[in-house]
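Fold and geometry: a report
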Amino acid sequence: MAIEQLLILIKPDGIKKSLTGNILTKLSEARMVIIGAKAVRVSRDLAEAHYYHLKDKPFFGGLIDYIQGEVYGKPWDRVLAFVYRGEDAISKMRKIAGETNPEEADPVSIRGAYGRITTKGVYENVVHCSSDPSEAEREIKLWFKPEEIVKRIYPVKKIIIEKEEKAVWA
Ligand code: UDP
Ligand code: MG
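For the structure given in this document, a descriptive report is provided here. Sequence order as written defines residue numbering, which begins from 1 separately in each chain. For this description, chains carry letters from A and ligands carry numbers from 1, given in the order in which they are written. Side-chain atom pairs in this predicted model are given and counted only at pLDDT of 80 or more, local residue features only at pLDDT of at least 70, and totals for whole chains, interfaces and linings cover all residues. Only hydrogens and water are removed before side-chain values are computed, so all heavy atoms of the structure are retained for them.

Right, let's get into the pattern of salt bridges. Basic side-chain nitrogens of Lys or Arg form a salt bridge, by our definition, when they fall within 4 Å of a carboxyl oxygen of Asp or Glu. In this structure the tally under the stated criterion is 10 salt bridges. Across the salt bridge formed by R78 and D77, the nearest N and O atoms sit 3.0 Å from each other. The partly exposed category is assigned to R78, whose relative accessible area is 27%. Since its relative accessible area comes to 7%, D77 is described here as buried. Only protein chains enter the accessibility calculation, which uses a 1.4 Å probe; a residue is then buried when its area is under 20% of its type maximum, exposed when over 50%, and partly exposed in between.

Written out as structure tokens, the structure is:
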């Protein structure tokens, strides 16, 4: 038993199919706590960094297009990103998410209920779910800044940035 945190993404197919509410309800069965949440337009750099371990796979190009959501057009070209935390969070959330391949996933899991395999062979499986604690840490640090998470889950350092252009409310 360990307290863990992980990254969950509602992928563009989940948003387009209006599944956000269903997915969050299903995930809430694990009784984990949300400590970060935001909508993200996924750049090519972020997509490739997130899935770097799959870059030699034949489906990599399709996967990058999928997570960027460009194939769905506006306003579906985005994801919802969450950091969840709790006891054994990773295994509990992955069980609710289901197997990677939606055809093999438990039909009552999120991916089993809502996923599909495209004609290009990409698994459109509605959610991303970190696979182990070290991947979770890498992914959370990739997607979130320290101030976007309401709990100090990893050490931070203070730096001074000079002359940084920043948008503020006009
Ligand atoms: N994927 C795919 N075909 C495959 C394996 C994976 O399209 O044969 C996609 C799928 O969307 C999956 C993502 O690549 O969620 C990342 O793959 P990974 O093996 O990390 O699976 P996950 O951790 O998401 O279950
Ligand atoms: Mg994975």
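On we go.
For Phe, Tyr and Trp, where Trp contributes only its six-membered ring, two rings pair if their centres lie within 6.5 Å, and the inter-plane angle classes them as stacked under 30 degrees, edge-to-face over 60, or tilted in between. Scanning all chains against the criterion turns up 1 aromatic pair. Note on F82 and Y84: the rings are 6.1 Å apart at their centroids and 45° apart in plane angle, and the pair reads as tilted. With a relative accessible area of 8%, F82 lands in the buried category. Comment: the charge-over-ring label is applied if NZ (Lys) or CZ (Arg) is within 6 Å of the ring centre and within 35 degrees of the ring normal. The side chain of K38 reaches across the aromatic face of F144, ending 4.7 Å from its centre. A cation sits over an aromatic face here: K141 above Y154, 4.9 Å from the ring centre.

Moving on to the sheet that holds strand 2 (residues 33-40). What the 4 strands build is an open sheet, ordered 2-3-1-6; its pairing is antiparallel. Whereas interior strands pair on both sides, the edge strands pair on one side only; in this sheet they are strand 2 and strand 6 (127-129). The mean inter-strand angle of the sheet, taken between neighbouring strand axes irrespective of direction, is 15°. In terms of strand pairing, strand 2 meets strand 3 (residues 79-87) through 7 bridges, oriented antiparallel. Two strands form a pair only when DSSP identifies at least two bridges running between them. Each helix is a run of DSSP H or I of at least 4 residues and each strand a run of E of at least 2, with the numbering of both proceeding from the N terminus. The axes used here are C-alpha line fits, helices contributing only the stretch in contact, and every angle between their N-to-C directions lies in the interval 0 to 180 degrees.

In this fold, H128 is placed in strand 6. Each polar contact in these results corresponds to two N or O atoms within 3.5 Å; when the atoms are within protein, one needs to be able to donate a hydrogen and the other to accept it, and residues that are neighboring in sequence are counted only if both atoms are side-chain atoms. Polar contacts involving the side chain of H128 include one to the side chain of H50, which spans 3.5 Å. Of the polar contacts made by the side chain of H128, one reaches the side chain of E139; its length is 2.9 Å. What makes two residues a contact is simply this: any of their non-hydrogen atoms within 4.5 Å. Leave out the neighbours within four places in its chain, and H128 touches L7, I8, L9, K11, H50, Y51, R111 and E139.

Okay, the site of ligand 1 next. Here, proximity means that at least one heavy atom of the residue falls within 4 Å of the molecule or strand. Neighbouring residues of ligand 1: 13 residues in total, closest R94, T100, R111, Y123 and N125. At a separation of 2.9 Å, an oxygen atom of ligand 1 approaches a polar side-chain atom of R111. Computed with a 1.4 Å probe, the accessible areas rest on the Shrake-Rupley method; for each residue, only the protein chains presented here act as cover. In the complex, the protein chains occlude 83% of the 500 Å² of accessible area that ligand 1 would expose alone.

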